[in-house]
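Chains, contacts and geometry: an overview
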Amino acid sequence: MPPTAPASRSALRPNLRVAVVGGGIGGLTLGLALRRHGLKAEIYEQAAELAEIGAAVALSANATRELERLGLGPALAAVSTEPTELIFRDGRSGARVAACPVRDGGTYRAKAGAPYYGVHRADLQKVLSGALAGEGLHLGHRLTAIAQTGDAMALRFENGAEVEADLVVGGDGVRSPVRRWITGGERVRYSGTSAFRGVVPMGLLPALPDPQAIQFWMGPDAHLLHYAIGGEADSVNFFAVVEGPRAWTSERWLDAIAPGEHLAGFAGWHPAVIEMIDALPQTHRWGLFVTDPLRRWHRGRAVLMGDSAHAMLPHHGQGANTTIEDAVTLAALLAADGAGDLDGTMRRYQDLRQMRTRTIQRSAWATNRLLHLPDSVGPAALAERDARMRRFPEAFGWIHAFDAQSTVDRAVDPQAA
Ligand SMILES: Cc1cc2nc3c(=O)[nH]c(=O)nc-3n(C[C@H](O)[C@H](O)[C@H](O)COP(=O)(O)OP(=O)(O)OC[C@H]3O[C@@H](n4cnc5c(N)ncnc54)[C@H](O)[C@@H]3O)c2cc1C
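Given the structure is predicted, the values throughout are model-derived calculations rather than measurements. (Residues numbered from 1 in each chain as written. Predicted model: local features only at pLDDT ≥ 70, side-chain atom pairs only at ≥ 80, totals over all residues. Heavy atoms only, no water.)

**Observations regarding the side chain of His270**
With respect to the secondary-structure elements, His270 resides in the loop between strand 17 (254-256) and helix 7 (271-277). Apart from residues no more than four positions distant in its own chain, His270 is found in contact with Gly91, Arg92, Ser93, Gly94, Ala207 and Trp217. (Helix = DSSP H or I, 4+ residues; strand = E, 2+ residues; numbered from the N terminus. Contact = heavy atoms within 4.5 Å.)

**Concerning the packing of aromatic side chains**
In the structure shown here, the tally under the stated rule is eleven aromatic pairs. Residues Tyr190 and Trp248 carry aromatic rings whose centres are separated by 5.5 Å and whose planes lie at 40° to one another, so their mutual orientation is tilted. Placement of Tyr190 in strand 13 (residues 188-201) and of Trp248 in the loop between strand 16 (235-243) and strand 17 is noted, with a sequence separation of 58 residues between them. Ring plane angle 45° and centroid distance 4.6 Å describe the contact between Phe392 and Phe396, whose orientation is recorded as tilted. (Phe/Tyr/Trp six-rings, centres within 6.5 Å; stacked < 30°, edge-to-face > 60°.)

**Some details on unusual backbone geometry**
Only a minority of non-glycine residues have a phi that is not negative, and only a minority of peptide bonds are not trans. Geometrically, the link from Gly244 to Pro245 is a cis peptide bond, its omega value of 0° lying close to zero. Position of Pro245 among the secondary structure elements: in the loop between strand 16 and strand 17. One non-glycine residue, Asp221, lies in the positive phi region at around 60°. Among the structural elements, Asp221 can be located in the loop between strand 14 (214-219) and strand 15 (222-229). Unusually for a residue other than glycine, Ala233 sits at a positive phi of about 50°. Note that Ala233 resides in the loop between strand 15 and strand 16.

**Observations concerning the site of the ligand**
Contacts to the ligand come from 31 residues, most closely from Gly26, Glu45, Arg121, Asp307 and Ala320. In this structure, an oxygen atom belonging to the ligand sits 3.0 Å away from a side-chain N or O atom of Gln46. The separation between an oxygen atom of the ligand and a polar side-chain atom of Arg121 is 2.8 Å. Alone, the ligand offers 1000 Å² of accessible surface; in the complex the protein occludes 86% of this. Residue assignment for the shell around the ligand shows that the elements contributing at least two residues are helix 1 (25-36), strand 3 (56-59) and helix 9 (319-336). Take the shell around the ligand: its biggest share by element is four residues, from helix 9. Per-class residue counts for the shell around the ligand are twelve nonpolar, 13 polar and six charged. (Near = heavy atom within 4 Å. Polar contact = N/O pair within 3.5 Å; in protein donor to acceptor, adjacent residues only side chain to side chain. Areas by Shrake-Rupley, 256 points an atom, 1.4 Å probe, with all protein chains shown as cover. Nonpolar A, V, L, I, M, F, W, Y, C, P; charged D, E, K, R; others polar.)

**Quick word on the packing of helix 2 (residues 61-69) against helix 9**
When two helices pack together, their arrangement is given by the angle between the helix axes and by the axis-to-axis distance. Closest axis-to-axis distance for the helix 2/helix 9 pair is 8 Å, and the angle between their directions is 45°. One element, helix 2, and the other, helix 9, form an angle in the oblique class. Crossing angle aside, the handedness with which helix 2 passes helix 9 is left-handed. Along its contact with helix 2, which presents Asn62, Ala63, Glu66 and Leu67, the element helix 9 presents Asn321, Ile324, Glu325 and Val328. Grouping the amino acids of the contact of helix 2 with helix 9 by side-chain chemistry returns four nonpolar, two polar and two charged. (Axes fitted to C-alpha atoms, helices over the stretch in contact; angles between N-to-C directions. Parallel < 35°, antiparallel > 145°, perpendicular 65-115°, else oblique. Left-handed = near helix turned anticlockwise from the far one by under 90°.)

**Notes on helix 9**
Across its 18 residues, helix 9 extends 26 Å between first and last C-alpha, which sits within 8% of the 26 Å expected from 1.5 Å per residue. The element helix 9 is extensively covered by neighbouring structure, given that 17 of its 18 residues are classed as buried. (Expected span 1.5 Å × (residues − 1). Buried < 20%, exposed > 50% of the residue type's maximum accessible area, 1.4 Å probe, protein only.)

**Observations regarding the pattern of salt bridges**
Under the counting rule described, the total for this entry stands at 22 salt bridges. Arg109 is the partner of Glu82 in a salt bridge, and the nearest nitrogen-oxygen pair spans 3.0 Å. One end of the pair, Glu82, is in the loop between strand 4 (80-81) and strand 5 (85-90); the other, Arg109, is in helix 4 (residues 107-112), with 27 residues separating them in the sequence. A salt bridge links Glu325 to Arg356; the shortest N-O distance between them is 2.8 Å. With Glu325 in helix 9 and Arg356 in helix 10 (residues 342-371), this residue pair connects regions lying 31 residues apart in the sequence. Relative accessible area serves as the criterion here: at 0%, Glu325 is assigned to the buried category. In this structure Arg356 comes out as buried when scored by relative accessible area, which is 9%. Taken together, the shared-partner salt bridges connect Glu85, Arg89, Arg96 and Asp210 into one network. (Salt bridge = Lys/Arg side-chain N within 4 Å of Asp/Glu carboxyl O.)

Put into C-alpha cells, the structure is as follows:
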C-alpha cells in the first residue's frame, strides 16, 4: 500500500471555479483528486450517460497507487484481475521469448509498490463515478464554444447551457476542442496503425497458454496483446494491432472491414492468436491516433490533461495511467499554489508533466517497431529484439515506479521531501 497523501490540504482557492470538459478517466479522477484537496470541479461530459468507451484497460502501479490514495483500492480490486506474469511470445511458434512474474510471488507489488490490474473500462468508470456520487457531474453537455474575457472563461454547450469559470481543464480526449482553442490547430495524427479488439469469455479460448498472464505475441507487421479482466478473471481483453492502412479516411475512429479482414495480418500465427481474434464477430477496425507533441499545454485560463495533451500509442498501456498522474498533479498544484497565480500553476504543471509524457509517447513508437519487426531484418536483429524484451522489467521499470503524488509534493515543498 503506498503512503497515503494528506486527505485534505488547506485549500488556498476554496472558491476557485474549475470547469472540466470531459467526464472520461481523466475528468473523473481530477474531480475526485480536487475534492480530496477541498476544491470543487464542475465536470461537463457530452455523453448522456457514462457508457463504456472501448473495452478494457491495464492499470499499472503508477496509477493504482494514486487510485488507492483516493480511497478506491478495495472497489478497484473487486473488479480487477492481477496478471500472473508478463510474457512476450513469438506470434507464430508461440515460444516464450521473455517473461517476468507479476502476481506470482507478489513480485510486482513488492517492486512497484502497488498492483498491476486488468479492468473493464465500464467497471473503472463505475468505480470513479461511484466515488464521485454525481457531485458536479453534468451529462449531456457537449462543449461547442469557449472564450476568455479578462480572467473569466465562458463555455457554451450544445444544449444551450452557458457557464463561467476561473479555469477550464480540457479532459476531452484526443480530439479535444479545448486543445483546438489553446493551440489554434488540430494536432492529432493517424499513427499508420490500426487495431481489432474485444472482450472474449475465457471459455472460448481453449488453446490459450497462461490465460491469466498479460501477453504480447510478436510478429511481422502485427502484434496481439491480451490480459484477463474482471474480479473472477472470467474474460480476456485483447487488442490486435496491425500496420496500416496507410491513410485513415473515415471521419470516425472506427472503419468497417470486409469479412475476414481482421485475420489477414495474422496468417500462419499460433492457433491461440487466431482463436482469440476470431472468437467474436469483427466488423470494424480502430484507427490509432496520437497527439503531436505540444509546445504549450495551456493558454489563458485553459489547460490540458490526458489524451488531449499527450495521446499515445497504447503499446506501454500508459494513456490512462499517465492521465491519472496528470489529474493528481494538477489537483495538488491547484490546492497548494497561492491564490491568483494561475498562470504560474499551469506552468509548473506543464513542467512536471511534459517531459515524462513525451518520453513515454516516444518510447511507445519505438516499441511499435520492435513488436512488429519483419523477418527481413534477419536473425541477429530478431535475437537482439528478444534480448531487449528480456530486459523489459529493468528497461521500463521507470514507467511503473513513478510516484506522481510524491513528485508534486517535492515540487510544492522541497524542504518536506
Ligand atoms: C485501443 C486502446 C487501448 C488502450 N489501452 C490502454 C491501457 O491498457 N492502459 C492505459 O493506460 N491506456 C490505454 N489506452 C489509452 C486510454 O484509453 C486513454 O489514454 C485514456 O482514456 C485518456 O483519458 P482521457 O480522460 O484523457 O480521455 P477519454 O477517456 O477519451 O475521455 C474524454 C471524454 O471527453 C468527452 N468529450 C469529448 N469532447 C467533448 C465535448 N466537446 N464536450 C464535452 N465532453 C467531451 C468524451 O465523451 C469523453 O468522455 C488505450 C487506448 C486505446 C485506443
